[in-house]
Amino acid sequence: MAVYLDCNATTPVAPSVVQKITDALNDEWGNPSSSYELGVKSKKSIEEARRHIAMMIGGKPEDVIFTSGGTEVNNIVIFGIVDYYKDWVNSQSSVEGINEKPHVITTNVEHDAVIQPIKHLEKKGVIDVSIVPVSRRGCVVPQDVLSQVRHTTCLITVMLANNETGVIMPVEEIGREVNSQRKKEKLIRILFHTDAAQGIGKIKVDADKLKVDYLTIVGHKFYGPRIGCLYAHGLGHETPVYPLLHGGGQEQAYRPGTENTPMIVGLGEAARLVCENLSTYSRHMETVRDYLEEKLKEAFGEGHVTFNCSKDVKRLPNTCNVSLAGEGLVGHVVLSKCSCIMASIGAACHAQNKPSGRILLASGVPHNRAVNAIRLSVGRETTTDDIDIAIEDLKQSVTTLSCNK
Ligand SMILES: Cc1ncc(COP(=O)(O)O)c(C=O)c1O
Ligand SMILES: O=C(O)CC[SeH]
């Protein structure tokens, strides 16, 4: 019997989401831009989905733009900064600092879909970057971020929760202070982005409360389809969005292209499920995750089990990053000897045979523990019976590896 414990990598699509997608494929295939009934019907279902998504994050429907996924959203935000800064410089009467580059601040534990576009622009010499290391507890300190602000800073991006450790970052605290000094000094307003991919569907996400200008939504992390959304607070008037793509007028021309109605409708249903059931989902996942951690300690002994997320930081209710002490118990090797568990040692988009260098090591986990790390991320359907099976699977894997030494 297979036990899926990799929900931070991706989740199954909820049954009602599958049904909504199927119905839309069959009945709402019209072009949403078409003025006849078939098109109007498709457009209406898209706008209903937009309303559910806006409600899920405490935003307005007109501030939600559909994209192909989270990677696209993060690239829209990061690449847009270059034009944002240029437009601001051109709008200034004085030319002081006109040749200085826009400055971006981020952390050293962001997902590649944030780090890589930032590094790309830095390598091209287009932006200056400050990468703020998280504390030894794996959580970024707000003052460490804010102390990096300079007169050319125009974007701060800090993920809401880390995909490997589950650590929840102090986004709201940073959001409150981001522009506290700027207005007095007539400097460019700093735009604040959070990649909420791992938070949505697990914890309450309120864009207004977080004081973010941009927020990334990733459907396949909360039982939805593999598309995403960009939330921009006061889209187009308070917060600029510079399109990566140019074409028709869809999505207020911020993300042109004939809409993927079935997947958008599915994402709307996934958002509706979160709106209605988040506290139930969150409580269940935390109960099962805590049961998992107790059973790991029982099975291997407290002295042989180390959890790689500090107890005194806020963390996602579904994530357990654990290292089993013992020579040869390298994370990916232990998983390779398991016959039931489907899990990972870190981000799926990284090679599964080397430790999470950037995230666990960056979070203060010593190398000998990082190499033995396994990420177990439970879901809405994970049961304690699943955990019992997973624990037995891990025990047999460790026994096999110990005998082979
Ligand atoms: C934190 C985080 N950000 C961004 C992404 C990228 O989203 P997508 O897979 O939709 O491009 C992922 C997962 O894939 C993620 O875990
Ligand atoms: O597995 C993850 O952490 C997200 C997909 Se790269």
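This section reports on the structure supplied with the text. (Residues numbered from 1 in each chain as written. Chains lettered and ligands numbered in written order. Predicted model: local features only at pLDDT ≥ 70, side-chain atom pairs only at ≥ 80, totals over all residues. Heavy atoms only, no water.)

1. Concerning the site of ligand 2
The environment of ligand 2 is formed by N8, A9, H111, N163, K221, A347, A348, C349 and R375. One of the side-chain N or O atoms of R375 is found 2.7 Å from an oxygen atom in ligand 2. When the free accessible area of ligand 2 is taken as 240 Å², the share hidden by the protein chains comes to 92%. Residue composition of the shell around ligand 2, by class: 4 nonpolar, 3 polar and 2 charged. (Near = heavy atom within 4 Å. Polar contact = N/O pair within 3.5 Å; in protein donor to acceptor, adjacent residues only side chain to side chain. Areas by Shrake-Rupley, 256 points an atom, 1.4 Å probe, with all protein chains shown as cover. Nonpolar A, V, L, I, M, F, W, Y, C, P; charged D, E, K, R; others polar.)

2. Describing the site of ligand 1
The local shell around ligand 1 holds 13 residues, among which G70, T71, D195, Q198 and K221 are the closest. The separation between an oxygen atom of ligand 1 and a polar side-chain atom of T71 is 2.6 Å. Q198 is positioned such that a nitrogen or oxygen atom in its side chain is 2.9 Å from an oxygen atom of ligand 1. Isolated, ligand 1 exposes 390 Å² of accessible area, and the fraction of that covered by the protein chains is 86%. It is helix 3 (residues 70–91) that contributes the most residues to the shell around ligand 1, 3 residues altogether. Split into classes, the residues belonging to the shell around ligand 1 amount to 3 nonpolar, 8 polar and 2 charged. (Helix = DSSP H or I, 4+ residues; strand = E, 2+ residues; numbered from the N terminus.)

3. As for the sheet that holds strand 7 (residues 214–218)
One open sheet holds the 7 strands; their spatial order is 2-8-7-6-5-3-4, and the pairing between them is mixed. The sheet terminates laterally at strand 2 (64–67) and strand 4 (128–132), the two strands that pair on one side only. Strand-to-strand twist across the sheet, computed as the mean angle between neighbouring axes with direction ignored, equals 20 degrees. Pairing between strand 3 (residues 103–107) and strand 4: 5 bridges, direction parallel. By the bridge assignment, T106 is partnered in strand 4 with I131. (Pairing = 2+ DSSP bridges. Axes fitted to C-alpha atoms, helices over the stretch in contact; angles between N-to-C directions.)

4. Considering the nonpolar core
With 86 residues, the main nonpolar core has M169, L215 and L296 as its most contacted residues. Here the element with the most residues in this core is helix 9 (residues 261–300); it accounts for 13 residues. Those residues in contact with L296 that lie beyond four places of it in its chain are G301, V305, F307, C320, V322, L376, I391 and L394. (Core = buried A, V, L, I, M, F, W, Y, C linked by side-chain atoms within 4.5 Å. Buried < 20%, exposed > 50% of the residue type's maximum accessible area, 1.4 Å probe, protein only. Contact = heavy atoms within 4.5 Å.)

5. Considering helix 13 (residues 384–403)
An ideal rise of 1.5 Å per residue puts 28 Å on 20 residues; helix 13 measures up with 28 Å between its terminal C-alpha atoms. Buried residues belonging to helix 13 abut strand 1 (3–4), helix 9, strand 10 (319–324), helix 10 (331–336), strand 11 (341–342) and strand 12 (373–377). (Expected span 1.5 Å × (residues − 1).)

6. Some thoughts on the sheet that holds strand 12
Here we have 3 strands laid out as an open sheet, ordered 9-10-12, and antiparallel in their pairing. Every other strand in the sheet has two partners, leaving strand 9 (305–307) and strand 12 as the edge strands with one partner each. When the angles between neighbouring strand axes are averaged without regard to direction, this sheet yields 30 degrees. By the bridge criterion, 5 bridges tie strand 10 to strand 12 in an arrangement that is antiparallel. Across the sheet, residue T319 finds its bridge partner in strand 12, namely S377. Here helix 9 sits on the sheet and contacts strand 9, strand 10 and strand 12; the angle it forms with strand 10, its principal contact strand, is near 10 degrees.

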